[in-house]
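Residue-level structural notes
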Amino acid sequence: MNDYSRDIIFLLKENECTPEAIDQEVQFVHKVIACVDTDDNFCAAHELVIRNRITTKKRKLLKAIRRPHLKPFYFLIPKN
């Protein structure tokens, strides 16, 4: 169960829920998220602005997000 790190909040209707049932639900949600949370999908949904240039190159996007913080004048913008 601890092979991922995500902050997930579960709101349950049942008053009494066993820890095993909660672990099972967390594993199901993790499997669903893992299917769509890929580098290709991330790169298709974001653009990187470097000062006054906009790039959608996968290599540059992945290099930028691998750092703990973006460099100055680097902006990650979703394509919504």
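Predicted model only: the values in this text are computed from it and were never measured. Note that residues are indexed from 1 along each chain, following the sequence as it is written. Note on the predicted model: pLDDT of at least 70 is required for a residue's local features to be given, and 80 or more for side-chain atom pairs to be given and counted; whole-chain, interface and lining totals, by contrast, use all residues. Side-chain metrics in this entry use all non-hydrogen atoms of the structure; hydrogen atoms and water are not considered.

**Remarks on the pattern of salt bridges**
Our working rule: Any Lys or Arg side-chain nitrogen found within 4 Å of a carboxyl oxygen on Asp or Glu counts as a salt bridge. Only DSSP runs of H or I reaching four residues or more are called helices, and only runs of E reaching two or more are called strands; each is numbered from the N terminus. For each residue, the accessible area found with a 1.4 Å probe, counting protein chains only, is set against the maximum for its type, and the residue is called buried under 20%, exposed over 50%, and partly exposed in between.
Summed over the entire model, instances satisfying the criterion amount to 2 salt bridges. The shortest N-O distance in the salt bridge between R66 and D39 comes to 3.3 Å. Highlighted residues: R66 in helix α3 (residues 58-66) and D39 in helix α2 (residues 39-45), separated in sequence by 27 residues. Residue D39 is classed as partly exposed on the basis of its relative accessible area of 34%. A salt bridge links D40 to K58, with the nearest nitrogen and oxygen atoms 2.5 Å apart. Taken as a pair, D40 in helix α2 and K58 in helix α3 lie far apart in primary sequence, 18 residues in all.

**Let's talk about the environment of A34**
Relative to the helices and strands, A34 resides in helix α1 (residues 19-36). On the basis of relative accessible area, A34 is assigned to the partly exposed category, the value being 38%. A C-alpha to C-alpha distance of 29 Å links A34 and I50, two positions 16 residues apart in sequence.

**Some remarks on the nonpolar core**
Defined as follows: Remark: nonpolar core denotes a set of buried residues (Ala, Val, Leu, Ile, Met, Phe, Trp, Tyr, Cys) joined through side-chain atoms within 4.5 Å.
Among the nonpolar cores identified, the biggest contains 6 residues, and these are C43, L48, I50, L61, L62 and A64. Elements with a minimum of two residues in this core: β1 (46-50) and α3. Among the elements that line this core, the one with the most residues is α3, at 3 residues.

**A few points about the side chain of T55**
Inclusion rule: Pairs of N or O atoms are called polar contacts if they sit within 3.5 Å, as long as, within protein, a hydrogen donor faces a hydrogen acceptor (for residues adjacent in sequence, only side-chain-to-side-chain pairs). Any pair of residues with heavy atoms lying within 4.5 Å of one another is described as a contacting pair.
Structurally, T55 is set in strand β2 (residues 53-55). Looking at T55, its side chain comes within polar contact range of the main-chain nitrogen of K57, at 3.2 Å. The contacts of T55, once residues within four sequence positions are left out, are E47, L48, I50 and K60.

In short, geometric facts, not functional conclusions.
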